[in-house]
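Spelled out from the first residue to the last, the chains are:
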Amino acid sequence: SQKIEQNSEALNIQEGKTATLTCNYTNYSPAYLQWYRQDPGRGPVFLLLIRENEKEKRKERLKVTFDTTLKQSLFHITASQPADSATYLCALRFGAGSYQLTFGKGTKLSVIP
Amino acid sequence: EPEVTQTPSHQVTQMGQEVILRCVPISNHLYFYWYRQILGQKVEFLVSFYNNEISEKSEIFDDQFSVERPDGSNFTLKIRSTKLEDSAMYFCASSDSRGSGNTIYFGEGSWLTVV
């Protein structure tokens, strides 16, 4: 069956450093992959989408890479700030005709001042 | 920025009671969704809705669940006879298309506690 794994449940990082989060998937070749941010008790907020034919996507301090050979996406936050502390979710649509997003369990990022 | 709004933010209900969770999707969106998240677990898909009918549903979305768009703005999730395991945060979401690359916008959630 198709799976999404976000390898780290939690990641602590010093303010100003680059945070790198990993998302791996199995048994499918998705057309695109999405990253969301979720704060405690809040709904997921869309951050970035990367398509299978894109190797890298940037938005301000955020960068996403997508390696369809490794079946992996990396999510980077450069110059991290305490306000970046949140849980980051990777999401995929498994199946061209499917409406549903399948989410990873998320990585809780804590940026320490 | 337009947003998806949900009510109530928190509801406590007795096991076996019916619950209706309400959502107002973003006004020009055509695709509507319900997801849920049990405390400490993944966000899980329940159902998608387009053109006044269910487009897709997950195994979680059994006969106890139903969705409705009673008017041009509201989208509701009904749980007919709640069980303890229905306790979760329920997120409504909407998007303007289903195609590749569409962004799904989530509401802030309705926290349901079944006692």
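Basis of the calculations
- Residues numbered from 1 in each chain as written.
- Chains lettered and ligands numbered in written order.
- Predicted model: local features only at pLDDT ≥ 70, side-chain atom pairs only at ≥ 80, totals over all residues.
- Heavy atoms only, no water.
- Contact = heavy atoms within 4.5 Å.
- Buried area = accessible area lost by both parts, 1.4 Å probe.
- Salt bridge = Lys/Arg side-chain N within 4 Å of Asp/Glu carboxyl O.
- Helix = DSSP H or I, 4+ residues; strand = E, 2+ residues; numbered from the N terminus.
- Buried < 20%, exposed > 50% of the residue type's maximum accessible area, 1.4 Å probe, protein only.
- Core = buried A, V, L, I, M, F, W, Y, C linked by side-chain atoms within 4.5 Å.

A.B. asks: For this particular structure, what's the right way to read the interface of chain B and chain A?
C.D. replies: Bring the parts together and some accessible area is lost; that lost area is often taken as the interface size. Taken together, the 24 residues of chain B in the interface contact 23 residues of chain A. Both faces considered, chain B and chain A share a buried interface measuring about 2,000 Å² in area, 52% of it formed by carbon and sulfur atoms. Taken together, the connections running from chain B to chain A amount to one salt bridge. Residues Arg-42 of chain A and Glu-108 of chain B are paired through a salt bridge, measuring 2.7 Å at the closest nitrogen-oxygen approach.

A.B. asks: Even after reading the chapter, I still don't get unusual backbone geometry, so can you show me in this structure?
C.D. replies: Trans is the prevailing form of peptide bonds, just as negative phi is the prevailing case for residues other than glycine. Thr-7 of chain B connects to Pro-8 of chain B through a cis peptide bond whose omega is -10°. Residue position: Pro-8 of chain B is located in the loop between β1 (5-7) and β2 (10-13). A positive phi is found at Lys-71 of chain A, a non-glycine position, where the angle reads about 55°. Mapped onto the fold, Lys-71 of chain A is located in the loop between β7 (62-67) and β8 (72-77). On the accessibility criterion, Lys-71 of chain A (23% relative accessible area) is partly exposed. Unlike most non-glycine residues, Asn-51 of chain B shows phi in positive territory, near 55°.

A.B. asks: Sorry if this is basic, but what is going on with the nonpolar core here?
C.D. replies: If you look at soluble globular proteins, the nonpolar side chains tend to sit buried side by side. Ranked by size, the top nonpolar core spans 23 residues in total, and within it Leu-33, Trp-35, Phe-75, Ile-77, Tyr-88 and Leu-109 of chain A carry the most contacts. Secondary-structure elements contributing two or more residues to this core are β3 (19-26), β4 (32-38), β5 (45-51), β7, β8, β9 (86-92) and β11 (107-112) of chain A. When near neighbours in sequence (up to four residues on either side) are disregarded, Leu-109 of chain A contacts Leu-11, Ile-13, Ala-19, Ile-77, Asp-84, Ser-85, Ala-86 and Tyr-88 of chain A. Counting residues in hydrophobic clusters, the runner-up holds 21 residues, among them Cys-23, Phe-65, Val-67 and Val-114 of chain B.

A.B. asks: I'm lost on the environment of Asp-86 of chain B in this one. Help?
C.D. replies: All names here are of chain B. Within the secondary structure layout, Asp-86 lies in the loop between β8 (75-79) and β9 (88-95). You can call Asp-86 buried: its relative accessible area is 4%. Not counting residues within four places of it along the chain, the set of residues in contact with Asp-86 comprises Arg-36, Phe-65, Ile-79, Ser-81, Leu-112 and Val-114.

Geometric descriptors of this kind do not, in isolation, establish any biological role.
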